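Below, each chain spelled out in residue letters.
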Protein chains: 2
Amino acid sequence: MGEKNIKMVIEYDGTNYAGFQRQSKHPTIQAELEIALTTILREKIKVTGSGRTDAGVHALYQVINFKTTKDCNLNRLQYSLNSLLSDDISVKKTEEVNLSFHARRSAVWREYKYFVLNKSYPSPFFKKYAYLVTSELDIEKMKEAAHFLIGTHDFSSFTVLASRPENPERTIYEFTCERKDFPVERLVVFKIQANAFLHNMVRVMLGTLLKVGSGNLAPEEVKRILETRDRTQAGPTVAAKGLFLTYVSYE
Amino acid sequence: MGEKNIKMVIEYDGTNYAGFQRQSKHPTIQAELEIALTTILREKIKVTGSGRTDAGVHALYQVINFKTTKDCNLNRLQYSLNSLLSDDISVKKTEEVNLSFHARRSAVWREYKYFVLNKSYPSPFFKKYAYLVTSELDIEKMKEAAHFLIGTHDFSSFTVLASRPENPERTIYEFTCERKDFPVERLVVFKIQANAFLHNMVRVMLGTLLKVGSGNLAPEEVKRILETRDRTQAGPTVAAKGLFLTYVSYE
C-alpha cells in the first residue's frame, strides 16, 4: 500500500537513441524505461533521470527514480526489466529510497568521461565508443589547459548559445587527462567532475582541449576563451560517441 | 618489378560476417579484403589468412598475406585500405616479406581468447563481445579441468564430427583462466595457445569448461571426455561472439 519511490542505477549504449529525454518521434532511453516499467507494473510510470544525455551519448552509471503504488519484489522487478528492455540498456541496481529523493534535484555532482583513440587508423571495437584523433596529442598541454577550467566559472563560452540558462555558472571539481591502457587499445581518457553541466559543455570543452593537444591552440588561450563568455571563441563540439556519463553522486 | 609478398596484421569485429573465408552468398572478411585490395592495386588479389575464423568470431590479431606485381608504398597502401574497408575491419601493420612466407603454412602457433561476462544481468557494451553466464563460475575448477587439455592429444571429442581431419591431434601449449578487470566490467578471460585448432575446438572446450565452472561436471570428467574421442560426450559449442583470435606466431 502507499506510494513507494524506487531508485535505479542503469547503463546504456546511446548509439541508437535520440538521448535520454522522452521525445515524440525518436526512441529515447526514458521512453524505453517508461514503456517497460508501465508494462511490468501495470500502472503509468514516469521516470526522472539525473540529467539528460544527448543523442549518441552513453552511460555507465545513470541514476533514475520513479514512484509506484504497486507492491513489488525489487530483485524480480530488476530481472523483469532487464528481460523486457532492449539489450542497449541494463539495470545495475534497484533500491527503495525516501519519498523525497529526486534523481536530478538530489544529485550533488556528476562525472563524465570522454574517450579518444589517438592513433593513425580506426578501431572496429571502439568505433562507437571513442573519437579518433590521428595526430599525436600532447597530454601535458591538455592538462595545462584543463586546469584553467577547474573551479566556479561562467561557462557560456562552452555551451549551446540558444540553451544557455539564466545562471551559466558551474563548478568543475576535477578535470583530468591521461593515456590509459585498455585490453585492446591505449586510449586518452578525460574525466570531468562538476556540480552540474551546461548543455554540450563537456563536448565543447573537449573540442577546445583537442585543439590544444594537437598544437592548434596555446593552453593559456583556454583561460581567455573562458573569460570572453563567447561560444564562437571555443573549439568545435566533439562527437557524442566518445562521451560517457560515469557517475552521479548524492552525497 | 617482379612479384612481392605483403604481410598484414588486421583486426575485425566479426559480428556481421559469415567468418573469414570467402563464400559465394555471404559477406566475409577475406572477400572484403580482396575486393578492396583489387580496387586499390588494380590487379586481381587473392588473400591468404593464418586460419579461418567462424561466423561471428572476432580477431584482434589476424595475419594475412597476398602477392602483387604492383609497386606500392606500404604506408599509403595501408592508409588507402583502411579508408576503403568497412569500419568493422582495420589494418594494423603492413610489411613486405620473403616470397616463401605463407600466412597459414608458416604459422607456428595461434592464440585465442574467450570472454565470459559472469554476472546476473547483461552488459550493453559487451553484448557482442562476451558470453553471459549468470551462475557464479568456479575459476579454480575450470583451471583444473583445462589442465587435462594441455599437451598433445587427439581432440576429436572437441570438434565438429563432419569436419574432423585425418589427423585430429593438436598440441595445446597454454590454457589459462582468470577474472580480469576491464574498464567497464570484470570478465572471465580464457587464453588458449596451440600449434593449431580443429574446427570449433575452442568453442567446444569452452562449453565443456563452463559446465565444470557452473558445477554441472567434475573437472576430472574432462580427462575422460578427451579420451573417449566422442563429440557427444563434450559440452555444447559456446557462442561465437565471445571468441577472439588474439595472436599468430611465426617463430
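Before reading further, recall that the structure is shown in the block above.
Position numbers for residues start from 1 in each chain and track the written sequence from start to end. Here the convention is simple: chains get letters from A, ligands get numbers from 1, in the order in which they are written. pLDDT decides what is reported in this predicted model: residues at 70 or higher carry local features, side-chain atom pairs at 80 or more are listed and counted, and totals for whole chains, interfaces and linings draw on all residues regardless. Here the side-chain values reflect all heavy atoms present in the structure, with hydrogen atoms and water set aside.

### Points about the overall build of chain A
When helices and strands are counted, chain A shows 5 helices and 10 strands. The C-alpha radius of gyration computed for chain A amounts to 19 Å, which stays within 12% of the reference 18 Å derived for 251 residues, consistent with globular compactness. Seen along its three principal axes, the alpha-carbon backbone of chain A occupies a region of about 60 × 40 × 35 Å. Every one of the 251 residues in chain A was classed for burial, and the buried ones make up 53%. Contact between two residues is taken to exist if any of their heavy atoms lie within 4.5 Å; hydrogens are not considered. For chain A, long-range pairs separated by at least 24 residues make up 71% of all intrachain contacts whose partners lie at least 6 apart in sequence. Helix and strand labels come from DSSP, where a helix needs a run of H or I of at least four residues and a strand needs a run of E of at least two; each type is numbered from the N terminus. Restricting the calculation to C-alpha atoms gives the radius of gyration, and the globule rule supplies 2.2 Å times the number of residues raised to the power 0.38. The buried label goes to any residue with under 20% of its type's maximum accessible area, the exposed label to any with over 50%, and the partly exposed label to all in between, with areas taken from a 1.4 Å probe on protein chains only.

### Details of the relation of the copies chain B and chain A
The copies were overlaid with a least-squares fit restricted to C-alpha atoms from residues scoring a pLDDT of at least 70 in each copy. Mapping chain B onto chain A is achieved by rotating through 180° and translating by 0.0 Å along the same axis, at an RMSD of 0.0 Å. Put plainly, the chains are arranged around a two-fold axis. Within chain B, the C-alpha atom positioned nearest to the axis of rotation is that of B:Phe182, 3.6 Å from it. With an isologous cut-off of 70% or more, the 100% of interface residues of chain B that recur at the interface of chain A puts this contact in the isologous class.

### A few points about the pattern of salt bridges
All names here are of chain A. Within this document, salt bridges are pairs made up of a side-chain nitrogen of Lys or Arg and a carboxyl oxygen of Asp or Glu, the two lying within 4 Å of each other. Counting across every chain of the model gives 32 salt bridges over all chains. Put simply, Lys143 and Glu140 hold a salt bridge, and the shortest N to O gap is 3.6 Å. With Lys143 and Glu140 both in helix H3 (residues 139-147) and 3 residues apart, this pair spans about one turn of that helix. Classification of Lys143 as partly exposed rests on a relative accessible area of 38%. Overall, the relative accessible area of 53% leaves Glu140 in the exposed class. The salt bridge involving Asp154 is made with Arg229; its shortest N-O contact spans 2.9 Å. Here Asp154, found in strand S7 (residues 151-154), pairs with Arg229, found in the loop between helix H5 (221-228) and strand S10 (243-249); they are 75 residues apart in sequence, far enough to count as distant. The exposure class of Arg229 is partly exposed, given its relative accessible area of 46%.

### Some remarks on the environment of B:Tyr79
Positionally, B:Tyr79 belongs in helix H2 (residues 74-84). As a C-alpha pair, B:Tyr79 and B:Ser90 span 11 residues in sequence and 9.8 Å in three-dimensional space.

### Overview of helix H3 (residues 139-147) of chain B
Residues and elements named next belong to chain B. Listing the buried residues of H3 in full gives Ile139, Met142, Ala145 and Ala146. Seen from one end, H3 has its buried residues packed into an arc of 120°, which puts them on one side. In H3, the exposed positions that point more than 90 degrees away from the buried face belong to Glu140 and His147. The inward-facing, buried residues of H3 contact strand S8 (169-181), strand S9 (186-194), helix H4 (201-213) and helix H5 (221-228). Polar contacts here mean pairs of N or O atoms no more than 3.5 Å apart (in protein, one a potential hydrogen donor and the other a potential acceptor; neighbouring residues in sequence count only if both atoms are side-chain atoms). Among the residues of H3, the N-terminal cap falls to Asp138, whose side-chain oxygen and the backbone nitrogen of Glu140 are separated by 3.1 Å. Note that the arc is defined by the directions from the helix axis to the C-beta atoms.

### A closer look at the packing of helix H1 (residues 29-41) of chain A against helix H2 (residues 74-84) of chain A
Residue and element names in this part refer to chain A. The axes are straight lines fitted to the C-alpha atoms, using for helices just the contacting stretch, and the angles between their N-to-C directions are given from 0 to 180°. One can describe the packing of H1 onto H2 by two numbers: an axis separation of 10 Å at closest approach and a directional angle of 125°. Classified by the angle their axes make, H1 and H2 are oblique. Helix-helix and strand crossings are classified by hand; for H1 and H2 the assignment is right-handed. Side by side, H1 and H2 meet where Ala36, Leu37, Thr39, Ile40 and Leu41 of the first sit next to Leu77, Ser80, Leu81 and Leu84 of the second. Throughout this description, any angle smaller than 35 degrees is read as roughly parallel, any larger than 145 degrees as roughly antiparallel, any in the 65 to 115 degree range as roughly perpendicular, and the remainder as oblique. By definition, turning the near helix anticlockwise from the far helix through less than a right angle yields a left-handed crossing, and turning it clockwise yields a right-handed one.

### Overview of the packing of aromatic side chains
Classification of ring pairs uses Phe, Tyr and Trp, with its six-membered ring standing for Trp, and accepts pairs whose centres are within 6.5 Å; under 30 degrees between planes counts as stacked, over 60 as edge-to-face, and the remaining range as tilted. One pass over the structure, following the stated rule, counts 20 aromatic pairs over all chains. Centroid distance A:Phe115 to A:Phe244: 5.2 Å. Interplanar angle 85°. Geometry classified as edge-to-face. You can see A:Phe115 sitting in strand S5 (residues 109-117) and its partner A:Phe244 sitting in strand S10, a full 129 residues away along the chain. Just as A:Phe115 is buried, A:Phe244 falls in that class too. Between B:Trp109 and B:Tyr247 the ring centres are 5.5 Å apart and the planes differ by 50°, which places this aromatic pair in the tilted class. A residue pair is termed long-range when its members are at least 10 positions apart, and B:Trp109 in strand S5 (residues 109-117) and B:Tyr247 in strand S10 (residues 243-249) qualify at 138 residues. Residue classification places B:Trp109 among the partly exposed residues on the basis of a relative accessible area of 22%. An aromatic cluster of three or more residues is present, and its members are A:Phe115, A:Tyr129, A:Phe244 and B:Phe125.

### Considerations on unusual backbone geometry
Residue and element names in this part refer to chain B. Look at Arg42: it is not a glycine, yet its phi comes out positive at around 55°. Relative to the helices and strands, Arg42 resides in the loop between helix H1 (29-41) and strand S2 (48-49). Positive phi outside glycine occurs at Asn200, with the angle close to 65°. With respect to the secondary-structure elements, Asn200 resides in the loop between S9 and H4.

### Some details on H2(A)
Residues and elements named next belong to chain A. The set of residues buried in H2 consists of Leu77, Gln78, Leu81 and Asn82. Projected onto a plane normal to the axis of H2, the buried residues spread over an arc of 130° and lie on a single side. Every exposed residue of H2 that faces more than 90 degrees away from the buried side is listed here: Asn75, Arg76, Tyr79 and Ser83. Its buried side turned inward, H2 meets strand S1 (4-12), H1, strand S3 (58-68) and strand S4 (89-97).

### Points about the pairing of strand S9 (residues 186-194) of chain A
Residue and element names in this part refer to chain A. Within S9, 7 of the 9 residues are buried, leaving the element largely enclosed by the surrounding structure. Strand pairing is assigned whenever DSSP identifies at least 2 bridges connecting the two strands. Pairing geometry for S5 and S9, over 8 bridges, is antiparallel. Among the inter-strand pairings, Leu117 is bridged to a residue of S9, identified as Leu187. Both strand S8 (residues 169-181) and S9 contribute to a ladder of 9 bridges, which runs antiparallel. Paired with Thr176 across the bridge in S9 is Lys191.

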